[in-house]
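An overview of the molecular structure
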Amino acid sequence: MLSKSIATNTVKEISNLVNKHINMMNVDGIIIASSNPERIGQTHWGAEKIIAENLDELYITNEDISDIQISSNQFVQTGLNLPLIIRGETAGVIGITGEYDEVSQIGYIIKKMAEILLEDQ
């Protein structure tokens, strides 16, 4: 189970290092920690999709945003979403806001860093 306090500390540490907005979602797709506090408690469309479809990654493009917002009535941003795997199970999802060429280079490093931090807790 991904605790809110551990997720908050993890997001804080990572977002300070990479200077990007970071969201961490639980297995229900709810944002439990974010570098943008206004997002906490909101449902995250990308996390829901990753968990429901067991995806390895999901990148939301600028072109995807309007269709997603119309169909889901959720706030959506461009960015990369990756499942957090702890002890072989999906424990949540981490999202990094930004263009693919920026976030793809650091996304898997951030994912691994988050998994290590979470597993140590």
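What counts, and where the lines are drawn
- Residues numbered from 1 in each chain as written.
- Predicted model: local features only at pLDDT ≥ 70, side-chain atom pairs only at ≥ 80, totals over all residues.
- Heavy atoms only, no water.
- Helix = DSSP H or I, 4+ residues; strand = E, 2+ residues; numbered from the N terminus.
- Rg over C-alpha atoms; globule rule 2.2 N^0.38 Å.
- Buried < 20%, exposed > 50% of the residue type's maximum accessible area, 1.4 Å probe, protein only.
- Contact = heavy atoms within 4.5 Å.
- Areas by Shrake-Rupley, 256 points an atom, 1.4 Å probe, with all protein chains shown as cover.
- Lys, Arg positive; Asp, Glu negative; His and termini not counted.
- Charge placed at Lys NZ, Arg CZ, Asp CG, Glu CD.
- Salt bridge = Lys/Arg side-chain N within 4 Å of Asp/Glu carboxyl O.
- Pairing = 2+ DSSP bridges.
- Axes fitted to C-alpha atoms, helices over the stretch in contact; angles between N-to-C directions.

**A short note on the overall build of the protein**
Scanning the protein from terminus to terminus reveals four helices and five strands. Across the protein, helices and strands are ordered from the amino to the carboxyl terminus as α-β-β-α-β-α-β-β-α. Since a compact globule built from 121 residues should have a radius of gyration of about 14 Å, the 13 Å found for the protein is in line with a globular shape. Across its three principal axes, the protein shows a C-alpha extent of roughly 40 × 25 × 25 Å. Taken across its 121 residues, the protein has 42% of its residues classed as buried. Excluding contacts between residues fewer than 6 apart, the proportion of contacts in the protein whose partners are at least 24 apart in sequence is 49%. Of the roughly 6,600 Å² of accessible surface on the protein, 48% is carried by carbon and sulfur atoms. Across the protein, the centroid of the 8 positively charged side chains sits 7 Å from that of the 17 negatively charged ones.

**A look at the pattern of salt bridges**
Evaluation of the coordinates by the stated rule reveals four salt bridges. Ionic pairing is found between Glu102 and Lys20, a salt bridge with its closest N-O pair at 2.7 Å. Placement of the pair is Glu102 in helix α4 (residues 100-120) and Lys20 in the loop between α1 (4-18) and β1 (22-25), with a sequence separation of 82 residues. The class of Lys20 is partly exposed, set by a relative accessible area of 22%.

**Considerations on the pairing of strand β5 (residues 89-97)**
A large share of β5 lies buried, amounting to seven of its nine residues. Pairing analysis gives four bridges linking β1 to β5, with the strands arranged antiparallel. Pairing of Met25 across the sheet is with Val93, part of β5. When strand β4 (residues 79-86) meets β5, the two strands line up antiparallel, connected through eight bridges. Note that in β5 the partner of Ile85 across the bridge is Thr90.

**Notes on the sheet that holds β5**
Read from one edge to the other, the open sheet built from five strands follows the order β2-β1-β5-β4-β3, with strand pairing classed as antiparallel. Both outer strands of the open sheet, β2 (31-34) and β3 (58-60), are each paired with one neighbouring strand and no more. For this sheet the average axis-to-axis angle between neighbouring strands, irrespective of direction, equals 25°. Here three bridges tie β3 to β4, and the two strands are oriented antiparallel to one another. Across the sheet, Ile60 pairs through a bridge with Gly79, a residue of β4. On the sheet, helix α2 (residues 45-53) packs against β1, β3, β4 and β5 and is oriented at approximately 150° with respect to β3.

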